[in-house]
Amino acid sequence: MKTEAQYTYKYRVKTSDLWQASMYYSYSSFLGVVNVVCIIAAIVLIVSKWSDSSDIFRSVMAVFLLMFTVIQPLVIWLRARASLNGVFPELELTFSQAGVTIESEGQRQHKPWQAVVGIVKKPTILVVYMEGGAGYILRNSVLKETRNELYGFVSGMLEKNRDKQTS
């Protein structure tokens, strides 16, 4: 929901939110390059050597391919689920000229723009990074039609804050 220079989102954090953020992080790092190379290598080996290979080689190649396409994403999912400990907190984030207000479980905290480190736009989520390593994941189903507006607003506020710090 948006009011004048204010964006408010109320949502429940899901395992899939953390999983998506982890997958984007993994595949946009050096690990992602290694993963893609291993997937392509496994496919090429399977296609080119399948007919003249032993059952053991076929099994090893199938497991190698599954390692990067099924097993690794599953492990990341399990880690995301474990980090939430079965608790799916409801958050209310409000972005305004004054900063970001976070409400959860009866607690309210206000962070000025100086405490916001950055915002990252991925195809299905926006991640707002705060100082101290915290971050907030907003999925497209929460953002709805305000996704680009919020991204522009937060980016503009961060730029304005940087300009103040350098002058």
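Given the structure is predicted, the values throughout are model-derived calculations rather than measurements.

A. Quick peek at the packing of aromatic side chains. On inspection of all chains with the given rule, the structure shows 5 aromatic pairs. Centre to centre, the rings of Tyr-9 and Phe-95 are 6.4 Å apart; their planes meet at 65°, and the pair counts as edge-to-face. With Tyr-9 in strand E2 (residues 6-12) and Phe-95 in strand E3 (residues 90-96), this residue pair connects regions lying 86 residues apart in the sequence. Side by side, Tyr-9 and Phe-95 carry an identical accessibility label, which is buried. Centroid distance Trp-19 to Trp-77: 6.2 Å. Interplanar angle 65°. Geometry classified as edge-to-face. Here the residue Trp-19 occupies a position in helix H1 (residues 15-27), and Trp-77 occupies one in helix H3 (residues 55-84), the gap between them amounting to 58 residues. On the basis of relative accessibility, which here comes to 31%, the residue Trp-77 falls in the partly exposed class. These aromatic residues form a ring-pair network of at least three members: Tyr-7, Trp-113 and Phe-153. The cationic tip of Lys-121 hangs over the ring face of Tyr-151; the distance from NZ or CZ to the ring centre is 4.9 Å.

B. Structural view of the pattern of salt bridges. This structure, assessed with the given rule, holds 5 salt bridges. Note that Lys-10 and Glu-90 form a salt bridge whose closest N and O atoms lie 3.9 Å from each other. Here Glu-90 lies in strand E3 and Lys-10 lies in strand E2, a separation of 80 residues in the sequence. Given the relative accessible area of 56%, Lys-10 is considered exposed. Residues joined by salt bridges that share partners form a network here, namely Lys-10, Arg-12 and Glu-90.

C. Looking closely at the pairing of strand E8 (residues 135-139). In terms of burial, E8 is a largely internal element, 4 of the 5 residues being buried. Across 5 bridges, strand E7 (residues 125-130) lies against E8 in antiparallel orientation. By the bridge assignment, Tyr-129 is partnered in E8 with Gly-135. Linking two consecutive strands that pair antiparallel, namely E7 and E8, is a turn of 4 residues; a positive phi of about 85° is found at Gly-132 within it.

D. A look at the nonpolar core. Core analysis: the largest hydrophobic core is formed by 25 residues, its most contacted members being Tyr-9, Tyr-11, Phe-95, Trp-113, Leu-138, Leu-150 and Val-154. Of all the secondary structure elements, the ones that give two or more residues to this core are E2, E3, strand E4 (99-104), strand E6 (116-121), E7, E8, helix H4 (140-143) and helix H5 (147-166). It is H5 that provides the largest number of residues to this core, a total of 5 residues. Among all residues touching Trp-113, those that are not within four sequence positions of it are Phe-95, Ser-96, Gln-97, Ala-98, Gly-99, Val-100, Phe-153, Val-154, Met-157, Leu-158 and Asn-161.

E. Here's a closer look at the side chain of Ser-53. One can find Ser-53 in the loop between helix H2 (30-49) and H3. Separated by 2.2 Å, the side chain of Ser-53 and the backbone oxygen of Lys-49 make a polar contact.

F. Molecular detail of the packing of H1 against H3. Taken N-terminus to C-terminus, the directions of H1 and H3 make an angle of 130°; their axes are 8 Å apart at the nearest point. For the element pair H1 / H3, the angle class is oblique. Of the two elements, H1 crosses H3, and the hand of that crossing is right-handed. Residues Thr-15, Ser-16, Leu-18, Trp-19, Ser-22, Met-23, Ser-26 and Tyr-27 of H1 form the contact with H3, whose own contacting residues are Phe-68, Gln-72, Pro-73, Ile-76, Trp-77, Ala-80, Arg-81, Ser-83 and Leu-84. Of the residues in the contact of H1 with H3, the class split is 10 nonpolar, 6 polar and 1 charged.

G. Molecular detail of the pairing of E6. Alignment of E6 against E7, held across 5 bridges, turns out to be antiparallel. What sits directly across from Ile-119, in E7, is Val-128. The turn linking E6 back onto E7 is made up of 3 residues.

Reading the values: the criteria
Residues numbered from 1 in each chain as written. Predicted model: local features only at pLDDT ≥ 70, side-chain atom pairs only at ≥ 80, totals over all residues. Heavy atoms only, no water. Phe/Tyr/Trp six-rings, centres within 6.5 Å; stacked < 30°, edge-to-face > 60°. Helix = DSSP H or I, 4+ residues; strand = E, 2+ residues; numbered from the N terminus. Buried < 20%, exposed > 50% of the residue type's maximum accessible area, 1.4 Å probe, protein only. Lys NZ or Arg CZ within 6 Å of the ring centre and 35° of its normal. Salt bridge = Lys/Arg side-chain N within 4 Å of Asp/Glu carboxyl O. Pairing = 2+ DSSP bridges. Core = buried A, V, L, I, M, F, W, Y, C linked by side-chain atoms within 4.5 Å. Contact = heavy atoms within 4.5 Å. Polar contact = N/O pair within 3.5 Å; in protein donor to acceptor, adjacent residues only side chain to side chain. Axes fitted to C-alpha atoms, helices over the stretch in contact; angles between N-to-C directions. Parallel < 35°, antiparallel > 145°, perpendicular 65-115°, else oblique. Left-handed = near helix turned anticlockwise from the far one by under 90°. Nonpolar A, V, L, I, M, F, W, Y, C, P; charged D, E, K, R; others polar.

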